[in-house]
Amino acid sequence: MNAAVATTIFAVFMVGTVGLGLLAVRRRTGGGIAEWSVGGRSLGAVFIWVLMAGESYTSFSYLGAAGWGYNYGAPVLYVVAYMSCGYAVGYVVGPMLWAYARRHDLVGITDILAHRFGRPWLGALTAVLATVFLLPYIQLQITGMGVVVSTISYGAISLNWGYFIAFAVTTGFVVVSGLRGSAWVSVLKDVLVIGTLGFLAVYVPLHYFDGYGPLLDRLVAWKGEWLTLPGHDGGGAGGSGLGTAWFITTSLLNALTVVIFSTTVAGYLGARDADALRRNAIWLPAYNVLLFIPMLLGMAALFVVPGLTGADSNLALFRLVVDSLPAWAVGIIGVAAALSSIVPMAVFMLVIGTMWGRSVLSLVPRLRARQKGAAQVVVVAAGASALVLTYVAPNTLVRLSLISYEGMAQLLPMVLLGLVWRRLTPTGGLSGLAVGVGTVCALVFTGHDPVWGVNAGIVALAANLVVALVVTSVTKADADPRPDADVLASDSLDATPSASGRAALGRAVSGRAVSGDSADGGFADGAAAEGDFADGACAVTASEGAPAAPAPPSRPAP
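Residues numbered from 1 in each chain as written. Predicted model: local features only at pLDDT ≥ 70, side-chain atom pairs only at ≥ 80, totals over all residues. Heavy atoms only, no water.

Enquirer: Break down the nonpolar core for me, with residues and values.
Expert: Soluble globular proteins: nonpolar side chains tend toward being buried together. Grouped together as the largest cluster of nonpolar side chains are 151 residues, with contacts concentrated most on Met14, Tyr62, Ile138 and Leu200. With 20 residues, helix H15 (residues 327-360) is the largest single contributor of residues to this core. Look past the residues within four positions of Met14 in its chain and what remains in contact with it is Met145, Val169, Val335, Ala338, Leu339 and Ile342. (Core = buried A, V, L, I, M, F, W, Y, C linked by side-chain atoms within 4.5 Å. Buried < 20%, exposed > 50% of the residue type's maximum accessible area, 1.4 Å probe, protein only. Helix = DSSP H or I, 4+ residues; strand = E, 2+ residues; numbered from the N terminus. Contact = heavy atoms within 4.5 Å.)

Enquirer: Account for the environment of Val12, with residues named and values stated.
Expert: Locating Val12 in the fold gives a position in helix H1 (residues 2-24). The sequence separation of Val12 and Val335 amounts to 323 residues, and the corresponding C-alpha distance is 9.6 Å.

Enquirer: Lay out the pattern of salt bridges in plain terms, naming residues and giving numbers.
Expert: If you walk through the whole model with that rule in mind, you get 5 salt bridges. Arg278 is the partner of Asp275 in a salt bridge, and the nearest nitrogen-oxygen pair spans 2.9 Å. Placement of the pair is Asp275 and Arg278 together in helix H12 (residues 274-283), with a separation of 3 residues, close to one helical turn. By relative accessible area, Arg278 is classed as buried at 18%. (Salt bridge = Lys/Arg side-chain N within 4 Å of Asp/Glu carboxyl O.)

Enquirer: Can you explain helix H19 (residues 426-445)? Please cite residues and give values.
Expert: The end-to-end C-alpha separation of H19 is 28 Å, in line with the 28 Å expected for 20 residues at 1.5 Å each. Residues of H19 that are buried: Pro426, Gly428, Gly429, Gly432, Leu433, Gly436, Val437, Val440, Leu443 and Val444. The buried side chains of H19 occupy one side of the element, clustering within an arc of 155° when seen end-on. Set apart from the buried face of H19 by more than 90 degrees, the exposed residues are Ala434 and Phe445. Of the residues one or two after H19, Gly447 is the one with positive phi, at around 80°. (Expected span 1.5 Å × (residues − 1). Arc of directions from axis to C-beta.)

Enquirer: Pulling in residues and values, what's your account of the confidence of the model for the protein chain?
Expert: Residues with a pLDDT of 70 or more make up 82% of the protein chain, whose mean pLDDT is 82. Of all secondary-structure elements in the protein chain, the lowest mean pLDDT belongs to helix H22 (residues 499-508), at 48, while helix H20 (residues 456-474) reaches the highest, 97. Confidence over residues 507-558 falls short of pLDDT 50; this stretch has 118 contacts with residues more than four positions distant or in other chains. (pLDDT = per-residue confidence, 0-100.)

Enquirer: Now, about a nonpolar patch on the surface: what can you tell me, with residues and values included?
Expert: On the surface, a cluster of nonpolar side chains totalling about 540 Å² of accessible area is made up of Trp161, Phe164, Val388, Tyr391 and Val392. Elements with a contribution of two residues or more to the nonpolar patch: helix H8 (159-209) and helix H16 (371-392). Per-element tally for the nonpolar patch: the top contributor is H16, with 3 residues. Its location among the elements puts Val392 in helix H16. (Patch = residues over 30% accessible without salt bridge, like charges linked within 9 Å, V, L, I, M, F, W, Y side chains within 5 Å. Areas by Shrake-Rupley, 256 points an atom, 1.4 Å probe, with all protein chains shown as cover.)

Enquirer: Which residues make up unusual backbone geometry, and what values do they have?
Expert: Residues other than glycine predominantly adopt negative phi, and peptide bonds predominantly adopt the trans conformation. Cis geometry marks the peptide bond from Leu229 to Pro230; its omega dihedral reads 5°. Here Pro230 is to be found in the loop between helix H9 (212-222) and helix H10 (244-257). Cis rather than trans, the peptide bond between Asp449 and Pro450 has omega equal to 5°. Mapped onto the secondary structure, Pro450 falls in the loop between H19 and H20. Residues other than glycine seldom take positive phi values, yet Asp105 does so here, at roughly 60°. Secondary-structure assignment places Asp105 in the loop between helix H5 (78-104) and helix H6 (109-117). The phi dihedral of Asp210 falls on the positive side, at around 65°, and the residue is not glycine. Looking at the element boundaries, Asp210 is found in the loop between H8 and H9.

Enquirer: Let's hear about the environment of Met355: which residues, and what values?
Expert: Looking at where Met355 falls in the secondary structure, it is placed in helix H15. Classification of Met355 as buried rests on a relative accessible area of 2%. Considering only alpha carbons, one finds Met355 and Ser262, 93 residues apart in sequence, at a separation of 9.2 Å. Setting aside its immediate chain neighbours within four residues, Met355 contacts Ile109, Thr110, Ala127, Ala130, Thr131, Leu134, Ser262 and Val360.

Enquirer: Describe the side chain of Glu406, listing the residues and the values that go with them.
Expert: One can find Glu406 in helix H17 (residues 397-408). We classify Glu406 as buried; its relative accessible area is 1%. Separated by 3.5 Å, the side chains of Glu406 and Asn455 make a polar contact. When sequence neighbours within four positions are dropped, the list of residues in contact with Glu406 reads Leu253, Val440, Val444, Asp449, Asn455, Ala456 and Gly457. (Polar contact = N/O pair within 3.5 Å; in protein donor to acceptor, adjacent residues only side chain to side chain.)

Enquirer: Outline the packing of aromatic side chains, listing residues and values.
Expert: Across all of its chains, the model carries 18 aromatic pairs by this definition. For the pair Tyr137 and Phe261, a centre-to-centre distance of 6.1 Å together with 65° between the ring planes defines the contact as edge-to-face. On the criterion of sequence distance, the pair formed by Tyr137 in helix H7 (residues 120-152) and Phe261 in the loop between H10 and helix H11 (262-269) is long-range, its members being 124 residues apart. Neither residue differs from the other here; Tyr137 and Phe261 are each classed as buried. Sitting over the ring of Phe117, Arg116 keeps its end group 4.3 Å from the ring centre. (Phe/Tyr/Trp six-rings, centres within 6.5 Å; stacked < 30°, edge-to-face > 60°. Lys NZ or Arg CZ within 6 Å of the ring centre and 35° of its normal.)

This is the structure:
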């Protein structure tokens with residue numbers, strides 16, 4: 001009976017989620033890949049806030065954070081540290097990337113790199129590399145949602161079926177609704193997350209410990225090792241190595257990486273204006289307060305469900321829920337946790353589809369006019385690949401997340417340094433990238449993370465940066481005729497591309513067609529339907545490599 005009640009509530013909400021995604025795009029036919037992938041660049045401050053908060057509050061927050069609190073304790077606070085610092089970095093970087101992409105009509109991180117260095121193949125290479133490091137993150141969300149589905153069904157639904165349900169719901173949702181649908185569902189998710197975690201923050205300590213005082217007293221008296229770095233079982237030669245140096249380097253690396261993470265950039269580019277991003281950078285850290293709840297409840301579970309090991313520790317919070325709450329409450333909490341998987345997983349799949357549709361498959365002449373359709377096919381393929389990985393290579397949640405961040409961090413020099421320093425050459429950037437990726441893979445997959453007590457990703461990033469600078473210093477400057485205003489980034493739209501710069505870029509990328517999705521009634525680059533061209537932006541014709549006439553200035557946003 002309990003399983004029937006909980007799964008019925010879950011099923012109703014999942015149907016409602018897909019319906020909400022359809023409602024979000026009901027009047028948004030056409031518009032091409034820009035409407036589907038970045039919401040037509042028209043999302044206001046509220047939708048951007050809930051979307052970016054939704055990307056940051058994932059299944060890890062319900063499962064992995066509680067699991068790390070259960071296993072280690074204090075080291076899990078790195079999540080709060082890096083996200084809060086990352087929003088501060090995003091206050092500067094977000095508007096810069098938004099203005100650069102809008103000025104040149106770009107829809108993702110691969111577009112940005114291809115335009116900066118004037119080489120379409122670089123965008124394709126970046127798409128392949130980013131996909132390799134993003135697939136584990138999709139796998140993380142599939143794993144998390146599968147665990148939730150199996151747990152709230154009281155074991156009636158197996159983990160394998162739970163994984164498939166996660167894949168099927170999210171894939172169908174994102175193919176149909178795109179980024180705009182994800183933003184709408186994020187509103188529902190945030191309401192449920194805030195409500196359920198607020199309830200659990202009060203209920204669990206009162207139900208199991210008669211309040212916070214007795215709970216904290218027991219933690220201090222019996223589990224004091226969990227309350228300081230390096231946490232439980234963290235010291236010594238065979239310990240976790242999650243000490244102070246690891247905490248600082250991981251927080252620093254992730255704070256820098258999160259601002260160029262493909263899903264974060266998708267949120268940036270979906271904004272209506274740069275001020276929406278600045279306001280969000282100010283207010284988003286407040287959302288991180290919620291993260292303290294699963295962390296603390298994970299440590300509380302040490303006294304209620306002792307003995308959980310390995311991946312089972314990720315169930316610490318849900319074991320408290322299932323053992324003490326009625327089935328209808330378990331179902332609602334399960335929905336909140338499931339939506340915390342669906343929203344970020346949808347954006348990750350959307351980003352992978354966009355990267356391939358825009359930067360890889362567009363290099364095939366027959367697919368240039370069908371970028372949106374090609375991207376939607378890639379979404380299904382990416383989700384299926386992650387599902388297979390979930391079946392054949394399961395892993396604990398946080399480890400998957402760290403691999404993704406450490407790998408994506410190696411794009412930092414080419415993106416952030418490349419957009420502000422003209423001298424960085426493609427050869428230098430790619431050499432550093434190769435060294436960084438090789439180093440991080442060698443360290444992570446041989447079990448040397450942390451290495452010398454610090455995050456392996458930051459060691460790889462240091463090697464990456466040194467190689468990029470050395471190779472750049474000994475190679476000739478890139479023979480790119482475009483002026484700085486067409487190549488480098490700023491945080492305003494005032495510096496419009498010059499005619500000579502547009503012509504030079506047209507010659508550099510001759511043969512590459514912009515996204516038209518003409519068969520679907522889309523506009524060039526999916527932008528013109530809603531005044532999405534930046535002031536003075538233009539399309540480049542593939543056949544002639546010459547610039548079209550500048551578009552008129554965009555209408556002011558209402």
